[in-house]
Amino acid sequence: MVSVKRATCLKVLAIFFTVALIAGVLTGTARALDAQSYVESTDGFFAVLQLDAQRGNIDAQYLLSALLTNGIGAPQDMAGAEQWFAEAYKNDHPLAIRDMCANSIEGFARESIAACREGANLGDPMTLFFLGYAYRLGGGVDLNEKRAAELFEQSAEQNVIAALLVMAAMYQEGIGVGKNPVKAVRYLRRASALGSPEADRELAFALCKGAGVHKDVTAGIRLFERAARYGDGTALYYVAGFYEYGLRRRRDLVKAYAYLLLAENRLESGETRTSAQNERVVIGRGLSEQQIERAEGFVRDWVPDAVPLRDYVPLGLTLIGNFQTALTRHGFDPGPVDGLYGPKTTGAIDAFGRQQGIEFNLIDTVSIALLSYLLGAVGHADPASYSELRQTENTDKRPLPQSQESPSMGAVTSSSPQEPEPDSADDGGSSGTGFYINDRGHVLTNQHVVSRCRTILVGGSHAEVVASDPDLDLALLRVEGPVPAISAFRLNSSIAQGETVYAYGFPLNSLVSNEPSISTGLVTALTGLQNSPLHVQISAPVQPGSSGSPVFDSSGRVIGIVTMKLNALATAMVTGDIPQNINFAIRASIAKLFLDAHGIEFSELTETPDIDATAIADQARPATPLVVCSDRMR
């Protein structure tokens, strides 16, 4: 049977990364179908690419080597591929350097270690990681755990999830660094916020045991459940125990049996998988045939959630900075040239892809190389005018009208290009909306509502900023005193297009009314501006002052946070048409990742009956305070 010790997660499993695991996670060779189809369906592309490669364009040289290696756009030609790869490597193409370095994972050849050193000197996050692994194993270099930790730390600073997990393990075990469970938890929180199910699971162990963090079994169970929803085998095994012993939810042996079967299917051979098999057999003896059939049906229908789209793409600061510069040159807005792969850069790449008729997969080498080539982001020579070549083709992939392919960021009512303006006040301040998420006085709102504020009032009480993230446009505030009510997130964060939603807040505060108001609408699209995966589009009307408003589903659970609206006048000037009720909300799943990253408790509710707008307003009113920013700094 599942032990109580295991079911209450009092035993922490150490993180062990094998060479095979790291290589499998980080150097996958799957090719993006969209990039492949694009190359193969574009007549004349290969001739242009070869010409540019001969002219010294290192992007063309590297892309040509990748295409010839995989037989994309031309018959496979390994000799030709090696020739062009050698040219790209000799000319310091960052991806060629990384590929050469990646060979160190398998054989630690001298030339590969030299490439790792070269890439590490350039600050490339993945070559830093690979070189750290060489020092960790003593492969091609003298074993040096302290040096390995230094390199892993530099990689982790650029948010490479594997490096964050390895640093957590090293601090847990005291390998290359002093043993420090508190620092281990910090790395796990960062990896968890980036969408790592492995980090969720290991952080859950730490919370349950109180290792490096205040013991919180409830929060640990919640993280186990999230990791299980993403398909983590160990987490599925523990969730089975929660059902068997009735922890957090009522006891259900059919669900316990089903989750043990799911765990078996997703665990490699080992002690945990054997335990799952044995415990399932024992539970199965007490179930009827119909109950077992029901459990097996649950397993057949079960589909894991997609890992959150905020996973960092470890391209390196220099290469991302080159992309940002090139995107600006092409008329797209990636935000500041800071080398950070944030939502604005993501949106600009997506918009460029729509113009070219490609969906770039920035974990795939061919996609990255193709993007770099088409942007002219690294190459020593400008690529041929591919737009002229496209005009001669008989293809359905045509650039979108300007108003669609590269929406003017000025078309968003904002205090910065992606943020909406809070409702202004005469004293240079502003106002917005927030909502209580727990009984400790924590209030969630937009970062732009409280940025640069000298004084913040929440429901008339002074508040302090506990945490903020400008990329997500989220801020966490805290007020002293009793909390009148809290709003709970929806446990299942998936959102359906067309579902009814309600926004509740303080639009145009003081101009229309000092009272909160409720508006209703639909989820009109599952992505935000420029296909941002952080947001959904809603038709519920919002105004300045609505920023930070909770967006409820039909049962009164929070599924989003209002963040911006489309500026109707600016958009009309571009398109000739006035848009109506095109507003955007941050997904609740993103907000929950933000809160988890800072160790903040919040409530979640399973499916509850639908209620009408009056009941939703009554429920939201005490939990939704006005947020006032006084004396905003210029």
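See the structure shown above.
Below, the structure is looked at part by part. (Residues numbered from 1 in each chain as written. Predicted model: local features only at pLDDT ≥ 70, side-chain atom pairs only at ≥ 80, totals over all residues. Heavy atoms only, no water.)

1. A few points about the side chain of Gln-324
Thinking step 1. Mapping Gln-324 onto the fold places it in helix H19 (residues 317-329).
Thinking step 2. Of note is the side chain of Gln-324, whose polar atom sits 3.0 Å from the side chain of Thr-345. (Helix = DSSP H or I, 4+ residues; strand = E, 2+ residues; numbered from the N terminus. Polar contact = N/O pair within 3.5 Å; in protein donor to acceptor, adjacent residues only side chain to side chain.)

2. Remarks on the environment of Ala-485
Thinking step 1. You can see Ala-485 is positioned in the loop between strand S7 (474-479) and strand S8 (489-490).
Thinking step 2. Under the relative-accessibility criterion, Ala-485 is labelled buried at 19%.
Thinking step 3. The contact partners of Ala-485, leaving out residues within four places of it in the chain, are Tyr-436, Pro-622 and Ala-623. (Buried < 20%, exposed > 50% of the residue type's maximum accessible area, 1.4 Å probe, protein only. Contact = heavy atoms within 4.5 Å.)

3. Observations regarding the packing of aromatic side chains
What describes a pair of aromatic rings is the distance from one ring centre to the other and the angle between the planes of the rings.
Thinking step 1. One pass over the structure, following the stated rule, counts 17 aromatic pairs.
Thinking step 2. In textbook terms, an aromatic cluster arises when at least three aromatic residues are bridged by ring pairs, as seen for Phe-205, Phe-224, Tyr-237, Tyr-238 and Phe-242.
Thinking step 3. Its end group placed over the ring of Phe-602, Arg-222 keeps NZ or CZ at 4.4 Å from the ring centre. (Phe/Tyr/Trp six-rings, centres within 6.5 Å; stacked < 30°, edge-to-face > 60°. Lys NZ or Arg CZ within 6 Å of the ring centre and 35° of its normal.)

4. Describing the state of the cysteines
Thinking step 1. With the rule as written, the count across this model stands at two disulfides.
Thinking step 2. Through a disulfide, Cys-101 is tied to Cys-116; the S-S separation comes to 2.0 Å. In this structure, the disulfide formed by Cys-101 and Cys-116 twists by about 95° around the S-S bond and is classed as right-handed. In this pair, Cys-101 sits in helix H7 (residues 94-102) while Cys-116 sits in helix H8 (residues 110-121), placing the two residues 15 residues apart along the sequence.
Thinking step 3. With a relative accessible area of 0%, Cys-101 lands in the buried category. (Disulfide = S-S within 2.5 Å.)

5. Some remarks on the nonpolar core
Thinking step 1. Ranked by internal contacts, the top residues of the largest apolar core, which has 129 residues, are Leu-63, Leu-67, Phe-360 and Leu-370.
Thinking step 2. Looking at which element gives the most residues to this core, the answer is helix H11 (residues 161-173), with 10 residues.
Thinking step 3. By size, the runner-up hydrophobic cluster in this structure holds 26 residues, among which are Ala-467, Leu-476, Leu-534 and Ile-590. (Core = buried A, V, L, I, M, F, W, Y, C linked by side-chain atoms within 4.5 Å.)

6. Remarks on the pairing of strand S6 (residues 461-469)
Thinking step 1. Where strand S5 (residues 453-458) and S6 come together, two bridges link them in antiparallel fashion. Looking at the pairing, Leu-457 lines up with His-462 of S6.
Thinking step 2. In this sheet, S7 lies alongside S6 in antiparallel orientation, the contact comprising six bridges. Paired with Asp-469 across the two strands is Leu-474, which belongs to S7.
Thinking step 3. Connecting S6 to the next strand, S7, in antiparallel fashion are four residues, including Asp-473 with a positive phi near 60°. (Pairing = 2+ DSSP bridges.)

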